[in-house]
Amino acid sequence: MTASSAAPRAGYEIAAQADLGPLNTFRVPVRTACLATLHDAQALAALFAEPLLAEASKLFVLGGGSNVLFTRDFDGAVLRVASRGIEVIEETAAAVGLRVAAGENWDGLVRWTLRRGLAGLENLILIPGTVGAAPIQNIGAYGVELDEFVTRVEAWDFARRAMVRLEAKACGFGYRDSRFKREAGRYLVAAVELELPRERELRLDYAGVRDELAAMAVGKPAHADVARAVERLRRRKLPDPAEIGNAGSFFKNPILGAAEATALQSEHPDLRMYRFPDGRTKLSAAAMIEACGFKGRRDGRVGVSHRHALVLVNHGGASGAEVWVLAERIRAAVQSRFGIMLEPEPRIL
Ligand SMILES: Cc1cc2nc3c(=O)[nH]c(=O)nc-3n(C[C@H](O)[C@H](O)[C@H](O)COP(=O)(O)OP(=O)(O)OC[C@H]3O[C@@H](n4cnc5c(N)ncnc54)[C@H](O)[C@@H]3O)c2cc1C
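Below, the structure is looked at part by part. Owing to the predicted nature of the structure, the values given are computational and were not obtained by experimental measurement. (Residues numbered from 1 in each chain as written. Predicted model: local features only at pLDDT ≥ 70, side-chain atom pairs only at ≥ 80, totals over all residues. Heavy atoms only, no water.)

Right, let's talk about the packing of aromatic side chains for a bit. For the coordinates displayed, the defined rule picks out ten aromatic pairs. For the ring pair Phe 26 and Phe 250, a centre distance of 6.1 Å and an interplane angle of 65 degrees mean the geometry is edge-to-face. One end of the pair, Phe 26, is in the loop between strand 1 (12-19) and strand 2 (31-38); the other, Phe 250, is in the loop between strand 13 (245-249) and strand 14 (255-256), and 224 residues separate them in sequence. Phe 250 matches Phe 26 in its accessibility class, with the two residues each being buried. Seen from their ring centres, Phe 48 and Trp 156 are 5.4 Å apart, and the 50 degrees between their planes marks the pair as tilted. Remark: Trp 156 occurs in strand 10 (residues 150-157) and Phe 48 occurs in helix 1 (residues 44-48); sequence separation between them is 108 residues. Among the residues examined, Trp 156 registers a relative accessible area of 11% and is labelled buried. Here a set of aromatic residues connected by ring pairs shows up, and it is made of Phe 26, Phe 250, Phe 251 and Trp 324. When the ring centre of Phe 276 is taken as origin, the NZ or CZ atom of Arg 280, which lies over that ring, is 4.9 Å away. In this structure, Arg 297 is placed above the aromatic ring of Phe 294, and the distance from its NZ or CZ to the ring centre is 4.3 Å. (Phe/Tyr/Trp six-rings, centres within 6.5 Å; stacked < 30°, edge-to-face > 60°. Helix = DSSP H or I, 4+ residues; strand = E, 2+ residues; numbered from the N terminus. Buried < 20%, exposed > 50% of the residue type's maximum accessible area, 1.4 Å probe, protein only. Lys NZ or Arg CZ within 6 Å of the ring centre and 35° of its normal.)

Written out as structure tokens, the structure reads:
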């Protein structure tokens with residue numbers, strides 16, 4: 001930051017001309033005309049009245065920067081949400097209700113719930129980023145998605161210029177999708193309310209969790225054991241953004257209708273597919289990228305992880321534009337071979 005016009009005790013900080021390099025996990029070196037850091041959601045109205053923000057041509061809300069790709073400098077204002085606090089708002093014999101400030105670290109929250117013996121979030125351990133960003137794409141991993149636990153989302157509605165409380169049903173959650181993602185730019189998530197059970201059936205039938213528990217010699221697993229198993233799997237399979245810049249899965253797994261899936265399967269019988277009970281079929285984007293020969297391939301300063309074909313990496317010093325050129329090359333190859341256009345998962349700016 002180069003200039004600060006308000007002290008943190010005001011509930012926010014604001015600076016002109018700031019470096020976003022340390023604030024995105026791809027670690028691409030970009031700058032923004034204005035960076036505001038919000039520590040207290042109650043200070044939002046005052047923050048919006050700051051000339052640097054009020055006069056900005058556009059605004060982008062940032063959390064931990066683990067699901068964005070900046071392809072060039074941002075000529076508007078970036079508002080980074082850093083408010084903290086986990087509050088118990090309801091407690092019964094069966095479950096606990098939490099209200100979590102948007103700037104809390106997601107993985108930190110998962111570990112907080114595990115320490116208190118709460119169930120549900122164990123499969124979602126080690127997902128980078130903030131709690132406020134979690135509803136945006138309805139984060140999911142190892143057979144569990146966030147929307148199973150969300151009761152309400154508190155958000156600043158830019159259209160109404162007011163704080164609103166949206167019940168889970170109004171959030172329009174789907175696979176890596178939500179109303180917040182579809183109506184990008186309308187809401188700033190200020191807090192998320194979750195209901196976590198004290199007991200819950202374990203989800204073990206996904207991507208090697210059972211095998212990992214067996215390798216750990218755990219016979220009768222508890223929630224914390226599942227968390228440890230998922231953590232071990234993730235550390236092995238995914239490159240750590242602290243070591244090599246990346247944003248996790250770069251593409252969403254495409255979902256096809258039954259007829260389309262059957263046609264594709266007859267042309268590519270070896271392609272991995274998962275059929276939902278309603279006939280819709282999820283394809284493995286990683287398998288298609290691997291089949292096109294991109295897994296582990298390096299292209300100058302960018303490449304595809306050798307550990308996971310869905311993960312694009314910055315080997316060091318690359319720009320966001322270089323990452324995007326590689327992404328476009330992969331999309332073109334998959335389209336030409338399978339007739340499927342892959343959709344990026346991170347927000348591309
Ligand atoms: C190594 C690695 C592994 C990953 N694994 C998974 C995984 O298993 N499952 C999964 O679902 N994701 C995964 N991700 C993606 C990412 O961690 C999640 O999408 C996460 O929720 C992003 O949080 P963030 O705070 O970094 O969001 P950002 O990257 O800062 O923002 C992402 C989007 O959310 C918006 N946003 C952020 N905060 C707010 C807010 N408070 N209000 C309104 N909009 C907001 C931004 O505008 C942007 O559009 C992974 C990423 C990495 C780097």
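Continuing now.
Spatially, the four strands line up as an open sheet ordered 1-2-5-3, and their pairing is mixed. Of all the strands in the sheet, just strand 1 and strand 3 (59-62) have a single pairing partner and so form its edges. The mean inter-strand angle of the sheet, taken between neighbouring strand axes irrespective of direction, is 25 degrees. Direction of pairing for strand 3 relative to strand 5 (residues 74-81): parallel, over a ladder of four bridges. Paired with Phe 60 across the two strands is Val 78, which belongs to strand 5. (Pairing = 2+ DSSP bridges. Axes fitted to C-alpha atoms, helices over the stretch in contact; angles between N-to-C directions.)

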